[in-house]
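What the coordinates show
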Amino acid sequence: MHDLSRIAPLFDMRADFVHAYPYGSGHINDTYCAWYDLAGHRIRYIHQRINHKVFKDPVALMRNIERVTRHALERLVEQGHPEARRRTLTTIPSVDGHAWAIDPEGNCWRTYPFIERARGYDEIQSEKQAEEAAKAFGEFQKLAADLPGERLLETIPNFHHTPKRLEALEQAIAKADPQRREAAKAEIEVAFAREDDTRRVTDLIESGEVPERVTHNDTKLNNVLLDDVTSEGVCVIDLDTTMPGSVLYDFGDMVRTACPTTREDEVDVSRIGLRLDRFEALLRGYLSSASSFLNQTEVDHLAFSGKLLTLECGIRFLTDFLEGDVYFKTKRPGHNLDRCRAQFAFLKAIEAKLPQMEDMVQTVSGKVANMV
Ligand code: ADP
Ligand code: MG
Ligand code: MG
């Protein structure tokens, strides 16, 4: 818990700090909601301490975010959007004019206006939410698509480089405690049987068939704020991993997080299936905003992307289990192995339905093409 009355003066708030409290259910940064008084009116802001254990260069990360959000705001204003400042995060400058401020302990802080009358959901409750969230991520990519200037910094290098994730698994196996290695034997086999899949998107990026774009890279439902009244996707948040990538990573992670029939760490793997209705909702939403800039190879790999990101996530849980649970927080022994098993059960559910998913991609993209 930080004393926010000491953080507030680092920013050019032009309002008086009243009080602050920890906010939201994010796992990475320390997020606070802070109320201010502006000539008798109460307004609130989000102050966030960036987790510099995860993000080694918070200032470079903030430079990325400043560039992307400024560009998005310019585009929204140009388009005459009536709610431009609610549709993108915007950074409040520090008193010395930066998009971040460093406190006396060396922590890096940022401040955003609080997006009112909207919220993020930890769990999807309806098709509508899945559709709106996917549409909002597509819009975010579209706004960032023509970002001028040099390449964004990779805040976590090789974040979605699946072949490198498999290499890391190989190294973890070599060093692992023999008991853990034995316990994970079946899962290790699942991963290596799909070695070719791990290379598919990175190969397409290398050959230029899939372009590198500005992508979000953490496309969970709770990173889109949905309007309290209309459920419309209002604003994409949590831009720490916004960096060069493939749209397939963003869409694939939406499939991974929005389409299972159970929670992420379900232990009874027999209950884990794929919701095709959710997949279709994601496609409808995503293609309604992204089809104008996607190329055919990207569209053709949307179903596969769900498989890839699920495989990658399973590989990461498995690696962490073999390394002795050093990265992901665990609640019990074997938690990471259970998480891996859940991912791999979902992976198999995707594999079983991949032909239907491919058909849906063609049908929905055809419909969207007819509408424009
Ligand atoms: P983390 O990386 O830790 O997930 P987030 O940036 O997603 O951090 O923020 C944590 C939570 O704070 C979000 O899930 C959301 O509920 C809330 N939040 C963040 N920024 C805003 C904002 N500008 N307006 C309203 N709520 C916000
Ligand atoms: Mg978040
Ligand atoms: Mg985050």
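Residues numbered from 1 in each chain as written. Chains lettered and ligands numbered in written order. Predicted model: local features only at pLDDT ≥ 70, side-chain atom pairs only at ≥ 80, totals over all residues. Heavy atoms only, no water.

**Topic: the coordination of the magnesium ion (ligand 2)**
Each protein donor to the magnesium ion (ligand 2) is listed here as N223 (OD1) and D238 (OD); together their distances run 2.2 to 2.3 Å. With a relative accessible area of 25%, D238 lands in the partly exposed category. (Donors = N, O, S within 2.8 Å, 3.2 Å for Na, K, Ca; no water. Buried < 20%, exposed > 50% of the residue type's maximum accessible area, 1.4 Å probe, protein only.)

**Remarks on the pattern of salt bridges**
A side chain of one charge can pair with a side chain of the opposite charge if their charged atoms are brought near each other. All told, the structure shown has 35 salt bridges when counted by the stated rule. A salt bridge links R110 to D240; the shortest N-O distance between them is 2.7 Å. Of this pair, R110 sits in strand β5 (residues 108-113) while D240 sits in the loop between β9 (233-236) and β10 (243-245), and the two are 130 residues apart along the sequence. D240 shares its class with R110; the two are buried. Connected through salt bridges with shared partners, the residues E83, R86, R87, R117, D227 and E232 form a single ionic network. (Salt bridge = Lys/Arg side-chain N within 4 Å of Asp/Glu carboxyl O. Helix = DSSP H or I, 4+ residues; strand = E, 2+ residues; numbered from the N terminus.)

**Things to note about the site of ligand 1**
Around ligand 1, 18 residues are found, and the nearest of them are I28, N29, Q48, I115 and D238. With respect to ligand 1, the side chain of Q48 contributes an N or O atom lying 2.9 Å from an oxygen atom. Surface burial for ligand 1 is 93%, taken as the share of its 550 Å² of free accessible area covered by protein chains. At the level of secondary structure, the elements contributing two or more residues to the shell around ligand 1 comprise β3 (41-49) and β5. Among the residues making up the shell around ligand 1, the classes are represented as ten nonpolar, seven polar and one charged. (Near = heavy atom within 4 Å. Polar contact = N/O pair within 3.5 Å; in protein donor to acceptor, adjacent residues only side chain to side chain. Areas by Shrake-Rupley, 256 points an atom, 1.4 Å probe, with all protein chains shown as cover. Nonpolar A, V, L, I, M, F, W, Y, C, P; charged D, E, K, R; others polar.)

**Some words on the side chain of D250**
Looking at where D250 falls in the secondary structure, it is placed in helix α8 (residues 247-258). Of the side chains with opposite charge, R213 comes closest to the buried, unpaired D250, at an N-O distance of 9.5 Å. At a separation of 2.8 Å, a polar atom in the side chain of D250 contacts the side chain of Q141. Here the side chain of D250 touches H216 through a polar contact of 2.9 Å, landing on its backbone nitrogen. When near neighbours in sequence (up to four residues on either side) are disregarded, D250 contacts Q141, T215, H216, N217 and T219. (Lys, Arg positive; Asp, Glu negative; His and termini not counted. Contact = heavy atoms within 4.5 Å.)

**Focus: the sheet that holds β5**
Strands sit in the order β1-β2-β3-β5-β4 across an open sheet of five strands; the sheet is antiparallel. Here the strands that pair on one side only, and so sit at the sheet edges, are β1 (16-22) and β4 (101-102). Judged from the nine bridges that link them, strand β2 (residues 30-38) and β3 form a sheet pairing that is antiparallel. Residue pairing for β3: A34 is matched across the bridge by Y45. Across the face of the sheet, helix α1 (residues 58-78) comes into contact with β4 and β5 while running at roughly 20° to β5. (Pairing = 2+ DSSP bridges. Axes fitted to C-alpha atoms, helices over the stretch in contact; angles between N-to-C directions.)

**A look at helix α3 (residues 127-144)**
If you check α3, its first and last C-alpha atoms are 26 Å apart, about what 18 residues at 1.5 Å a residue would give, namely 26 Å. Looking at α3, one finds that the buried residues are Q129, A130, E132, A133, A134, A136, F137, G138, F140, Q141, L143 and A144. Close packing links the buried residues of α3 with α1, β7 (213-215), β8 (224-227), β9, α8 and α9 (276-290). (Expected span 1.5 Å × (residues − 1).)

**Observations concerning the pairing of β5**
Burial of β5 is extensive: five of the six residues sit out of reach of the surface. Pairing geometry for β3 and β5, over five bridges, is antiparallel. Among the inter-strand pairings, R49 is bridged to a residue of β5, identified as W109. With two bridges joining them, β4 and β5 adopt antiparallel strand pairing. Looking across to β5, one finds that I102 is bridged to C108. The loop that links β4 with its antiparallel partner β5 comprises five residues; one of these, G106, has a positive phi angle of about 90°.

**Quick look at the coordination of the magnesium ion (ligand 3)**
Protein-derived ligands of the magnesium ion (ligand 3) are D238 (OD) and D238 (OD), with the metal-ligand distances lying across 2.2 to 2.4 Å. Separating the magnesium ion (ligand 3) from the magnesium ion (ligand 2) is a gap of 4.1 Å, bridged by D238, which donates to each. For D238, the position within the fold is in the loop between β9 and β10.

**Describing α8**
Compared with an ideal rise of 1.5 Å per residue, which puts twelve residues at 16 Å, α8 spans 16 Å between its outermost C-alpha atoms and is within 8% of the ideal. The buried fraction of α8 is high, at eleven of twelve residues. Along α8, the residues classified as buried are V247, L248, Y249, D250, F251, G252, D253, M254, V255, R256 and A258. The N-capping residue of α8, defined by a side-chain oxygen 2.9 Å from the backbone nitrogen of L248, is S246.

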